[in-house]
Amino acid sequence: MIVKCLLGTVKMIRTLPQQLSQGSVRMMSEVTAANAGRPTIFDKILDGSIPAQFLHQDDKCVAFKDVTPQAPVHFLVIPRKRIPMIEEAEDEDSDLLGHLLLTARAVAKEQGLSNGYRVVINNGVEGAQSVYHLHVHVLGGRQMDWPPG
């Protein structure tokens, strides 16, 4: 048991430079929280223990301003139901997933994004997902570049 634990630690230390270059270490706390069933930052926003500037609230989802905006308008739409990532969504979540996109559209209109906007869902480590509670980014108010990062 001890040898197995030590081997795991050695493997973790050996892969640390690669993880740092891929940005996965900074995401470990949110990944660890989600995997352990602990509340994510979005769960805390939903329960009110972390404040947010809400743009929309209904029984299925909320939309709020991103705290580190990447565009003049940048907000998130998250379901009240915790779905860790889009690839873990079930067939019975189809109505909820559609609702998230329709909410993104409605809030984008309210925010004055009549010239267009970008809708992004990051999925997993290589998709740069940082919080393992499904969320839709909506970015606008400037010309977007292609291809994205």
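Here, the structure is the one placed above.
All values reported here derive from a predicted model rather than from experimental measurement.

Draft legend 1. Broad picture of the pairing of strand 3 (residues 73–79). Extensive coverage of strand 3 is indicated by the burial of seven of its seven residues. Side chains V73, F75, V77 and P79 project from strand 3 onto one buried face, and the interleaved H74, L76 and I78 project onto a second face that is buried too. As paired strands, strand 2 (residues 61–65) and strand 3 are joined by five bridges and run antiparallel to one another. Bridge pairing in strand 3 places K65 opposite F75. As defined by bridge partners, strand 3 adjoins strand 5 (residues 136–140) across five bridges and the pair is classed as antiparallel. Considered in strand 5, the bridge of L76 is made with H137.

Draft legend 2. Just the packing of aromatic side chains, in detail. Applying the stated criterion to the full structure yields two aromatic pairs. When the ring of F42 is compared with that of F64, the centres are 5.8 Å apart and the planes differ by 70°; the resulting orientation is edge-to-face. Taken together, the residues span a long stretch of sequence, with F42 in helix 3 (residues 41–47) and F64 in strand 2 at a distance of 22 residues. The class of F42 is buried, set by a relative accessible area of 6%. The class of F64 is buried, set by a relative accessible area of 3%. Between F54 and F64, the ring centres sit 6.1 Å apart and the planes meet at 80°, which makes this aromatic pair edge-to-face. On the criterion of sequence distance, the pair formed by F54 in strand 1 (residues 54–57) and F64 in strand 2 is long-range, its members being ten residues apart. Taken together, the aromatic side chains of F42, F54 and F64 make up a single cluster linked through ring pairs.

The rules behind these values
- Residues numbered from 1 in each chain as written.
- Predicted model: local features only at pLDDT ≥ 70, side-chain atom pairs only at ≥ 80, totals over all residues.
- Heavy atoms only, no water.
- Buried < 20%, exposed > 50% of the residue type's maximum accessible area, 1.4 Å probe, protein only.
- Helix = DSSP H or I, 4+ residues; strand = E, 2+ residues; numbered from the N terminus.
- Pairing = 2+ DSSP bridges.
- Phe/Tyr/Trp six-rings, centres within 6.5 Å; stacked < 30°, edge-to-face > 60°.

In short, the description is geometric, and any link to function would need to be established separately.
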